[in-house]
Number of protein chains: 2
Amino acid sequence: MNGSDKAVPQRIGVLGGGQLARMMALAGLPLGFSFDFLDPAGDACAGVAGALTQADFDDLTAMQGFARHIDVATFDFENVPASSALELAGQLPFYPPVKALESCQDRLVEKQLMRQLDIAVPPFHAVNSRTDLLAAVEELGLPCVLKTRRLGYDGKGQAILRQPEDLERAWQRLGDAALIVEAFVPFEAECSLLAVRGQDGETRYWPLVRNLHHDGVLMLSRPGTFAPALQASAEQLAQRLLQHFDYVGVMTIEFFLREGQLSVNEIAPRVHNSGHWTLDGAETSQFENHLRAISGLPLGSTAMSRPSLMFNWLGELPDRARVLALPGVRWHEYGKAPRPGRKLGHATVVAADTAELEQRAGELARQLGGAWDGWLSRL
Amino acid sequence: MNGSDKAVPQRIGVLGGGQLARMMALAGLPLGFSFDFLDPAGDACAGVAGALTQADFDDLTAMQGFARHIDVATFDFENVPASSALELAGQLPFYPPVKALESCQDRLVEKQLMRQLDIAVPPFHAVNSRTDLLAAVEELGLPCVLKTRRLGYDGKGQAILRQPEDLERAWQRLGDAALIVEAFVPFEAECSLLAVRGQDGETRYWPLVRNLHHDGVLMLSRPGTFAPALQASAEQLAQRLLQHFDYVGVMTIEFFLREGQLSVNEIAPRVHNSGHWTLDGAETSQFENHLRAISGLPLGSTAMSRPSLMFNWLGELPDRARVLALPGVRWHEYGKAPRPGRKLGHATVVAADTAELEQRAGELARQLGGAWDGWLSRL
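What counts and how
- Residues numbered from 1 in each chain as written.
- Chains lettered and ligands numbered in written order.
- Predicted model: local features only at pLDDT ≥ 70, side-chain atom pairs only at ≥ 80, totals over all residues.
- Heavy atoms only, no water.
- Contact = heavy atoms within 4.5 Å.
- Buried area = accessible area lost by both parts, 1.4 Å probe.
- Salt bridge = Lys/Arg side-chain N within 4 Å of Asp/Glu carboxyl O.
- Polar contact = N/O pair within 3.5 Å; in protein donor to acceptor, adjacent residues only side chain to side chain.
- Helix = DSSP H or I, 4+ residues; strand = E, 2+ residues; numbered from the N terminus.
- Nonpolar A, V, L, I, M, F, W, Y, C, P; charged D, E, K, R; others polar.
- Least-squares fit on C-alpha atoms with pLDDT ≥ 70 in both.
- Buried < 20%, exposed > 50% of the residue type's maximum accessible area, 1.4 Å probe, protein only.
- Pairing = 2+ DSSP bridges.
- Axes fitted to C-alpha atoms, helices over the stretch in contact; angles between N-to-C directions.
- Core = buried A, V, L, I, M, F, W, Y, C linked by side-chain atoms within 4.5 Å.

(A) Layout of the interface of chain B and chain A. If you look at the interface, chain B gives 43 residues, while chain A gives 43 residues. Around 3700 Å² of area is buried between chain B and chain A when both sides are counted, 50% of it from carbon and sulfur atoms. Joining chain B to chain A, the criterion identifies four salt bridges. Across the pair R330 of chain A and E288 of chain B runs a salt bridge whose closest N-O atoms are separated by 2.7 Å. At the boundary of chain B and chain A, one finds 12 residue pairs in polar contact (both at pLDDT 80 or more). Of all the secondary structure elements, the ones that give two or more residues to the side of chain B that touches chain A are helix 1 (19–28), helix 10 (286–295), helix 11 (320–324), strand 16 (329–333) and helix 12 (354–368) of chain B. A class-by-class count of the residues in the side of chain B that touches chain A yields 22 nonpolar, nine polar and 12 charged.

Encoded structure:
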């Protein structure tokens, strides 16, 4: 069993050099990969673990140069221009596929695809004018949510319309962009499914993750609390999407759960914040399996190795020494400068069983103070 | 609980840029540290995860420059000249302490210290001449082992003397160096204890590891197979050494086990190959706890999180895709060019219980072929 697998790509190129790219590299260096990142920011935090090309994402000349140094290309966020993705995909393997990237860049296209694949989504309407908005709200009723079709993330580019006078304000703020309005889902829980599909079509799913958002941003994630039937149902929906795209890599689907039924909130064609627990609580992390998939290596097990629960650090890091003094806390800092609302790191609480997990997570929430106790109780 | 721990050093300087430094950095980047390495080799494999200064270890001017970029210094191998260590230690925190480094650089000094601390070592004699050698062999009997006092590792700088005619050959090969001759220990097992001690004196021990060497080089390591009484006995010996040195960081003690008694083979004042399983099988890895200790953060739990067993990759890597197709295998490549006998990587087999571990390790050994099955059966 000697000789090395020369056919397996060794140099991974990542469009985007944020924390997802950084964690991909930290997972991939031990697997034998090297990393090149392309990012407009010269201090992109992934740069510590590979070569960083500073360039805009729509710089096709930079893409051509980038392609010469790598064996396979991927991305760490979904707003890479399709033109750049196509430029790279014309020269080397590019995963996940460009058509998945494109579909997920536009909320309208994404939701139309769901309908076509018979996957439940909240009622929605395209909005290209004030008149469209009035008509859509008339039909969907209040409250509902006005969103830009493109470039939204972490609750950005969104406005909740609760009463008639909210419409004009939201229109003033967002009306310059192509929009979509969606019915507001009074969900009982938010959850996400992470899936990974290999080049041979082999597909694996991590356990559904229960998520708690605050102001549109993820604060807490906990895997493994849903019944097997719901897991099966989520996997069925994911399977349709993965096959439709002939997908390769990790895909994340965010769901609303209401009265036992799942409807899709949005899809991310990439590793995802709600999958960070897999670094400490799964047999194989989302980052490792993404790399295995795009490089043609066999996929690793997606089973939980132990109960875990993720806390997200936004804007400012808590005191590291105090957090690390607690048992079962794994600390993940991204090396980014603090800025209000910015994702700076996360921690995963791990434990031998559910009772210990809840005790440990409760202890951390109390140490952190602020709103953490309340968020944890709502998870 | 806001505000960051500004007093904790953020920039770690490592003398040596090999795989131990590399794994230290991969464990330390998520903790928020950045890394600088100093190594004579411009392609030292740790360089991918931090800044690399190419300089000889005895270059005091380079040491002074290096000191300006870091908050705390450590090392990834024990043959750093004491003069360089002292230069750094005069300017900033340097851990483990220079006196521990110095003692472990000389087998004679190391063994004399053990005697002084009432720690069992195999009988030994200093050898500075042919006459010394003859007298020592006369007293210790054959077989015995002739070793250089300095710069030996992985069985290098050693000769086993089995019959009288071996003496002259060994003397011709090694006689230029200061030597020590040690009684040969017909051990039943080799094992190692990894300990970590914080700046406040808090000390933790990982479970004893059973090791299998071939030609003086570690091939297999398995933690958690020894009785609690032996663990307690090893910890007692370690405690004496740690206190003697006022040690900070990870220390490794390699033991021979014979008739239920431990005697010390050698001490490494650093993270160690026989502790690589901690990356996948312990609550906190040796690398993370070393960094926590030298930076003044609280230590993490050293408990086993699950049964594990490490395979070392020497000279050539096995086929990665075939190894990764097996369940429960974690792959760690060091990014070094293949060369006969060179340590290129390792894999850890993990499992839910002992039976599954043995089944999985057996499967991997069969896949690898060669002598692996035999080594595994002797572990």
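(B) Highlighting the environment of A67 of chain B. Residue and element names in this part refer to chain B. Of note, A67 is situated in helix 2 (residues 60–67). Expressed as a C-alpha distance, the spacing of A67 and L92, which sit 25 residues apart in the sequence, is 7.4 Å. Other than its neighbours up to four places away in sequence, A67 contacts L88, Q91 and L92.

(C) The arrangement of the relation of the copies chain B and chain A in detail. Mapping chain B onto chain A leaves a residual RMSD of 0.0 Å; the transformation is a rotation of 180° accompanied by 0.0 Å of translation along its axis. The superposition of one copy onto the other is thereby described by a two-fold rotation axis. When C-alpha positions in chain B are compared against the rotation axis, the closest is assigned to A49 of chain B, at 2.5 Å. Comparing interface residues between copies, 100% of those in chain B also sit at the interface in chain A, which points to an isologous, same-surface contact.

(D) Seen up close, helix 2 (residues 60–67) of chain A. Residues and elements named next belong to chain A. Among the residues making up helix 2, those that are buried are A62, M63, G65, F66 and A67. Looking at the buried residues of helix 2, the elements they touch are strand 1 (11–15), strand 2 (34–39), strand 3 (51–54) and helix 3 (82–89). At the N-terminal end of helix 2, a side-chain oxygen is found 3.2 Å from the backbone nitrogen of T61, two or three residues along, and the residue is D59.

(E) Representation of the sheet that holds strand 7 (residues 158–161) of chain B. All names here are of chain B. Overall, antiparallel pairing links the four strands, which are arranged 5-8-6-7 in an open sheet. Looking at strand neighbours, the two that pair on one side only are strand 5 (124–127) and strand 7, the edges of this open sheet. Put simply, the sheet's adjacent strands are angled 20° from each other on average, direction ignored. The pairing of strand 6 (residues 144–148) with strand 8 (residues 179–183) spans five bridges and is antiparallel. Among the inter-strand pairings, V145 is bridged to a residue of strand 8, identified as E182.

(F) Broad picture of the nonpolar core. If you look at the biggest cluster of nonpolar residues, it comprises 121 residues, and the most contacted ones within it are L220 and F311 of chain A together with F311 of chain B. Here F311 of chain A is in contact with M219, L220, H346, A347, V349, A361, L364, A365, L368 and W372 of chain A, once residues within four sequence places are set aside.

These results come straight from atomic positions and should not be treated as a statement about function.
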